[in-house]
Each structure stands twice: as structure tokens, then as C-alpha cells.
Amino acid sequence: MTQDELKRLVAEAALAYVPPGTVIGVGSGSTVNLFIDALARLEGESRIAGAVSSSAASTVRLVARGIPVVDAGDIESLPVCVDGADEIDASGCMIKGGGAALTREKIVADLAERFVCIADGSKLVARLGRFPLPVEVIPMAAAQVTRRFAAMGGRAQRREGVVTDNGGLILDVHGLAIDDPVALETEVNQWPGVVCVGIFARRRATVCLLGTAEGVRTLTF
Ligand code: 5RP
């Protein structure tokens, strides 16, 4: 199976975690795009009432497919959010932000009772950090945050030409061996000017649907 076929497989499988008639959280990325397409094919009472979207790109796709987009401020909690990941480890901790949508993805995840991660099997890793860690920063803080990462052995590179939906910059941090994702997420969260770090460990996945040649592998955490 191709990587796209594996993504389609898990996107379809995620429908089993979507309560009909509810408002759910929807992430961003190519796997989530296929999930949005699958949501749009639901009919009658199986359809969702709406979605809280984690990016401008997902909003456009949801609206184009007739799925109402609900403002996060109008929602107290979501039964589930479905999102992709750039890496996920055996305890459900993830690196996210390859599509620069990490801040809104984390806000949506925080509202959700369950986080269903959908990914092809290549995203499962023994230790997070081979994928460069995305960090959204306020531009004024970029140089200082870069120095802080250098002090811990990381090489932060500005993602050229990218401004986030929130007007922030993305630093991609190479060379980090993330042995304690919760500790690193907590530490970086406190640096002035950091909007969001792409470690999702404090709020990690509750379920991961991995696309493999043998079919969907379900990990629960
Ligand atoms: C966007 C994300 C995506 O979920 C992540 O990059 C995975 O994307 P894809 O499904 O295209 O592999 O975090 O900010």
C-alpha cells in the first residue's frame, strides 16, 4: 500500500470514534484532509453537527464539504478531536506542527475528552526528536529562543516563508533527543515569546490508529 492509501485507511477508521450529531475537533494535515472527506460522506443521522477547526486550511475544506465550522469560544468541551502527527511514541506523546498549525491544534486538543491520532505507520518512533521540533514564536523572541535551544544541543532554524494563522514564526529545532517529553514541553512553554511548542505530551493521544500493510493497528494509551 502507498502512504496515501495508509492515510486513507486510518482516516476512514477514525469515523468509528465520532459520535453522530456532535461537534468534534478537527486537526490539520494531509491525513486529516482525508478524514474531512470521510466525514462529508456520512449521511443522515450519522452526520456530525459541526467541527471546531484547527487551521484556516481545514476550515476551508470543512466548509467546502458542507460541514458547519463552530467557533472554539462557543464550546466548553468536545467529545473527541481527530488529528495527525509527525511522530508518536509508545506512550501517545507526539510531535506535531509539520503544517505549522500546532497552536490551534493544541487548543482544540485541550477542549477534547479524547484525542484520536491518525497516522501512517512510519510515524511511530521509539523516541521523539528525529523529526525537527516545530515551535511557534513571536518574532521578537526568535533569536533568544534559538539560543536557549542551542544551550541544550538543539539547532533551531526559522521555517522560511511561513507565517502562522496567528501571525507567529515557526522554528524547527533539529538534533534534540527528547527523553522526557513532558519535562521539555513544560520547560519550553515557560520561555518568553514561545506561543506553542509542538510536543503534545501533557495532552497526549488517547488512541492512535496507525496505517500498516496489515491494516489498521490500534494503540490505546
Ligand atoms: C500540522 C500537523 C499535522 O497533523 C502533521 O504535520 C501530520 O501531517 P500529515 O497528516 O500531512 O502527515 O501537526 O500542524
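Residues numbered from 1 in each chain as written. Predicted model: local features only at pLDDT ≥ 70, side-chain atom pairs only at ≥ 80, totals over all residues. Heavy atoms only, no water.

**Focus on the pattern of salt bridges**
No. 1: Inspection of the entire model under this criterion finds 8 salt bridges.
No. 2: Linking Asp37 and Arg61 is a salt bridge whose minimum nitrogen-to-oxygen distance equals 2.9 Å. Here Asp37, found in helix α2 (residues 30–41), pairs with Arg61, found in helix α3 (residues 56–64); they are 24 residues apart in sequence, far enough to count as distant.
No. 3: Residue class for Asp37 comes out buried when judged on its relative accessible area of 16%.
No. 4: Between Lys96 and Glu105 there is a salt bridge; the shortest N-O distance is 3.1 Å. (Salt bridge = Lys/Arg side-chain N within 4 Å of Asp/Glu carboxyl O. Helix = DSSP H or I, 4+ residues; strand = E, 2+ residues; numbered from the N terminus. Buried < 20%, exposed > 50% of the residue type's maximum accessible area, 1.4 Å probe, protein only.)

**Describing the domain arrangement of the protein chain**
No. 1: Looking at the assigned domains, one finds that the protein chain contains domain 1 (3–126 + 202–220) and domain 2 (133–196).
No. 2: Each of domain 1 and domain 2 was reduced to a C-alpha centroid, and the two centroids are 24 Å apart.
No. 3: Contacts between domain 1 and domain 2 engage 16 residues on the former and 18 residues on the latter.
No. 4: Counting the surface lost from both domain 1 and domain 2, the interface buries some 1,300 Å², and carbon and sulfur atoms represent 56% of this.
No. 5: Three residues stand out in domain 1 for area buried against domain 2, namely Leu102, Thr103 and Arg202, and they jointly supply 39% of the buried area on that side.
No. 6: Counting every contact that joins domain 1 to domain 2 gives 1 salt bridge.
No. 7: Between Lys106 and Glu185 there is a salt bridge, and its shortest N-O distance comes to 2.7 Å.
No. 8: Considered class by class, the residues forming the side of domain 1 that touches domain 2 number 5 nonpolar, 5 polar and 6 charged. (Domains from an automatic or database assignment. Contact = heavy atoms within 4.5 Å. Buried area = accessible area lost by both parts, 1.4 Å probe. Nonpolar A, V, L, I, M, F, W, Y, C, P; charged D, E, K, R; others polar.)

**With respect to the layout of surface pockets**
The gaps left among the atoms become clear once a water-sized probe is rolled over them.
No. 1: By volume, the largest pocket is sized at about 190 Å³.
No. 2: The dominant element in the lining of the largest pocket, judged by the number of residues it contributes, is α2, at 3 residues.
No. 3: Split into classes, the residues belonging to the lining of the largest pocket amount to 2 nonpolar, 8 polar and 5 charged. (1 Å grid on protein atoms, 1.4 Å probe; cavity = no way out; pocket = protein on both sides within 12 Å on 5 of 7 lines; lining within 4 Å. Points joined across faces, edges and corners; volume = space filled by probe spheres on them.)

**Topic: helix α5 (residues 142–151)**
No. 1: All of the buried residues in α5 are Ala142, Val145 and Phe149. When α5 is viewed along its axis, its buried side chains cluster within an angular range of 65° and face the same direction. Away from its buried face, by an angle of more than 90 degrees, α5 presents the exposed residues Arg147 and Ala151.
No. 2: Backbone geometry just downstream of α5 places Gly153 in the positive-phi region, at approximately 90°. (Arc of directions from axis to C-beta.)

**A closer look at the site of the ligand**
No. 1: Looking at the ligand, there are 17 residues lining it, with Ser30, Thr31, Asp86, Gly97 and Lys123 nearest.
No. 2: Between an oxygen atom of the ligand and a side-chain N or O atom of Asp86, the distance comes to 2.6 Å.
No. 3: At 3.2 Å, a backbone N or O of Gly99 approaches an oxygen atom of the ligand.
No. 4: For the ligand, the accessible surface in isolation is 380 Å², of which the surrounding protein chains cover 91%.
No. 5: Applying the majority rule of atoms within 2 Å of the grid points places the ligand in the largest pocket. (Near = heavy atom within 4 Å. Polar contact = N/O pair within 3.5 Å; in protein donor to acceptor, adjacent residues only side chain to side chain. Areas by Shrake-Rupley, 256 points an atom, 1.4 Å probe, with all protein chains shown as cover. Sits in = over half its atoms within 2 Å of the grid points.)

**Details of α2**
Because an α-helix completes one turn every 3.6 residues, residues spaced three or four positions apart along the sequence face the same direction.
No. 1: Between its terminal C-alpha atoms α2 stretches 17 Å, which fits the 16 Å expected from 12 residues at 1.5 Å a residue.
No. 2: For α2, every residue scored as buried is listed here: Thr31, Val32, Leu34, Phe35, Ile36, Asp37, Ala38 and Leu39. (Expected span 1.5 Å × (residues − 1).)

**Considerations on empty space enclosed by the protein**
No. 1: A full pass over the atoms with the stated rule returns 1 cavity of 30 Å³ or more.
No. 2: Approximately 30 Å³ is the volume found for the largest cavity.
No. 3: As for the largest cavity, its lining consists of Arg8, Ala11, Glu12, Leu34, Asp37 and Arg41.
No. 4: Listing elements by their share of the lining of the largest cavity, those giving two or more residues are α1 (3–13) and α2.

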